[in-house]
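# An overview of the molecular structure
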Amino acid sequence: MNIDGICISLPKEYLGLKVQLMCDSLPKLLSGIPLTIELVAISLSIGFILAMCIALMRISGSRLLNIVSRSYVFYFRGTPLLVQIFLIYYGLAQFDLIKESFLWPFFREAYWCGILALTLNTGAYTAEIIRGGLQSVPHGQIESARSMGMSGILLYRRVILPIAFRQALPAYGNEMILMVKGTSLVSTITLMEITGIARHIIAKYWTPVEIFLIAGIIYLFINYLVTRIVRYAENRYTPYLQTNE
Amino acid sequence: MEFIHLLSLGDQGWGDEMLRATMVTIMVSISAMCIGLFVSIFGTISKLSKNRLIRAIGNTYTTVVRGIPELLVIYLLYFGFNNAIMSIANSLFGYNQYIELPVFLIAALAVGIISGAYSTEVIRGAFLVVPRGQIEAAKSVGMNRFLVFYRVLIPQVLRYALPGLGNVWQLTLKDTALIMVTGLVEIMRQAHIASGSTYSPFTFYMSAAILYLVLTTASSKALNSAENWANKGVKREKA
């Protein structure tokens, strides 16, 4: 499909918005979707594993592990994501120790810093979601599983985790949306995802409202898909909790 | 111990600038929260309205604002407000110079509109929790709509909404970090400026992080006691 042909057929301006330019920049903005999705997917999956560890540390009963996981969650939930991104990308370069170490090729790249910040951030929020899910497992269920002779990993695998994940599903869906929105912040450290590309186009044509509007619609669409997927998962795994709205 | 020198008060260090920026952050957050609560009154009314069109407007507002990155909303409103004011000035008064609204105002409005979408959801949820039977009971003892609202709904809605509004406050506080892109000198902007001229980004972004932690911790303490106050006289099972 030739988008240029469609764009030219549009009026140049409508309601004070440069419609043709909006249409022209659509393909460019759409080309930022893969990076946005990539950032979300990588940080959500690593963040989830991290969160499992943090949540298990929290309920482990060990005092030291408890303090470590609590401080981690406290820090990353109490500060804005933007600070976390800047601290990793700009902040770490202050130390010669890091600049001379083998880690520098990693911390030099905005891409890895962005992923690290997003991962650590979602890890903290997800840990709280998982903890909430684990705590919501009714005690009777655990007791009856134990009375059937289940223990340890089997108990977790067959009883606790399935119930906990089902409980945590809606909250995790919100976290996924927060992550999609969070990726727009890595545009401040030069990554060219949707917002980054939008800022690039605006620097050229100075049409901020038009371009950010299109970018916003793209994010809205991604988040719409995310909610549909989560809703589908909820219907599939927790049909008994769904109301017929 | 170079960072102590960097963060000292007075002309030599950036400590006093950082503290002043913290005050700006607090002021923007409070203004934004108030704007948000004001917006959420209309948001809640429209989302609970029986009129389909009005309901659709409310739903669109909360869905769009919550589905778009906060940074984009701030950019959009920042440029959008200025453009709108300029085109209004141009068409009404024929004034075609560049106009810029005060940054503080734009920042508070932008964050306020974001915060309002979340507050709307919280307050709407709180209204729906109040059992219908109570409203019917109040009507049956002869209370008119105003009395039902004032004596039955409001006390309960406030109590149910308080924890959620506390979360919205924390969110609003953290969202103000994003208004650094508008140039308003709040914590993040100040840290950015300071780290640019001293080449000590870690020191300043870390102080910014600590300042945010202090703000969020202090407000969660305050919110806890507010919740206790609102729940006094209500028996609650121990969680």
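Residues numbered from 1 in each chain as written. Chains lettered and ligands numbered in written order. Predicted model: local features only at pLDDT ≥ 70, side-chain atom pairs only at ≥ 80, totals over all residues.

## What about the overall build of chain B?
A count of helices and strands for chain B gives 9 helices and 0 strands. Listing every helix and strand of chain B by position from the N terminus yields α-α-α-α-α-α-α-α-α. A buried classification covers 36% of the 239 residues belonging to chain B. (Helix = DSSP H or I, 4+ residues; strand = E, 2+ residues; numbered from the N terminus. Buried ≥ 20, exposed ≤ 12 C-beta atoms within 10 Å, placed from the backbone.)

## Focus: the overall build of chain A
Of the regular secondary structure elements, chain A holds 12 helices and 0 strands. Start at the N end of chain A and walk to the C end: the helices and strands fall as α-α-α-α-α-α-α-α-α-α-α-α. The C-alpha radius of gyration of chain A comes to 22 Å, more than 25% above the 18 Å expected for a compact globule of 245 residues. Classification of the 245 residues of chain A by burial places 35% in the buried group. When contacts within chain A are restricted to residue pairs at least 6 apart in sequence, those whose partners lie at least 24 apart make up 72%. (Rg over C-alpha atoms; globule rule 2.2 N^0.38 Å. Contact = placed C-beta atoms within 7 Å.)

## Some points on the domain arrangement of chain A
Residue and element names in this part refer to chain A. With domains assigned, chain A is organised as domain 1 (1–32 + 197–245) and domain 2 (34–183). Computed over C-alpha atoms, the centres of domain 1 and domain 2 are 29 Å apart. If you look at the interface, domain 1 gives 11 residues, while domain 2 gives 10 residues. Of the residues assigned to the side of domain 1 that touches domain 2, the class counts are 6 nonpolar, 4 polar and 1 charged. (Domains from an automatic or database assignment. Nonpolar A, V, L, I, M, F, W, Y, C, P; charged D, E, K, R; others polar.)

## What to know about the packing of helix α4 (residues 63–78) of chain A against helix α8 (residues 110–135) of chain A
All names here are of chain A. One can describe the packing of α4 onto α8 by two numbers: an axis separation of 9 Å at closest approach and a directional angle of 115°. Here the hand of the crossing between α4 and α8 comes out left-handed. Listed contacts from α8 to S69, Y72, V73, F76 and R77 of α4 are L120, N121, A124, Y125, A127 and E128. (Axes fitted to C-alpha atoms, helices over the stretch in contact; angles between N-to-C directions. Left-handed = near helix turned anticlockwise from the far one by under 90°.)

## Some details on the packing of helix α2 (residues 15–47) of chain B against helix α5 (residues 103–129) of chain B
Residues and elements named next belong to chain B. Running from amino to carboxyl end, α2 crosses α5 at an angle of 45°, the nearest separation of the two axes being 5 Å. Considered as vectors, α2 and α5 are oriented oblique to each other. As α2 runs across α5, the sense of the crossing is right-handed. Residues of the contact of α2 with α5, tallied by class, amount to 14 nonpolar, 10 polar and 2 charged. (Parallel < 35°, antiparallel > 145°, perpendicular 65-115°, else oblique.)

## A few points about the nonpolar core
Formed by 89 residues in total, the largest nonpolar core has its most connected members in A:V83, A:A215, B:A110 and B:A208. Residue contributions to this core peak at 11 residues, all from α5(B). Setting aside its immediate chain neighbours within four residues, B:A110 contacts B:V73, B:I74, B:L77, B:Y78 and B:I179. (Core = buried A, V, L, I, M, F, W, Y, C linked by C-beta atoms within 7 Å.)

## Describing unusual backbone geometry
Phi angles above zero are rare outside glycine, and A:T190 is one such case at about 75°. Overall, A:T190 belongs to the exposed group, with 12 C-beta atoms counted inside 10 Å. Of note in the backbone geometry, B:Y199 takes a positive phi value of approximately 55° without being a glycine. Among the secondary structure elements, B:Y199 is positioned in the loop between α8 (187–198) and α9 (201–230). On the basis of neighbour count, B:Y199 is assigned to the exposed category, with 9 C-beta atoms found within 10 Å.

## Observations regarding the confidence of the model for chain B
On average, chain B scores 88 in pLDDT, and the residues at 70 or more come to 97%. Model confidence for the complex: the whole-complex pTM is 0.89, and ipTM, which rates the interface, is 0.88. (pLDDT = per-residue confidence, 0-100.)

## A short note on the interface of chain A and chain B
Listed as interface residues are 28 residues of chain A and, on the opposing side, 29 residues of chain B. When residues of the side of chain A that touches chain B are traced back to their parent elements, those giving at least two are α4, α5 (81–89) and α12 (208–237) of chain A. Here the side of chain A that touches chain B takes 9 residues from α12(A), the largest share from any one element. For the side of chain A that touches chain B, a count of residues per class yields 18 nonpolar, 9 polar and 1 charged.

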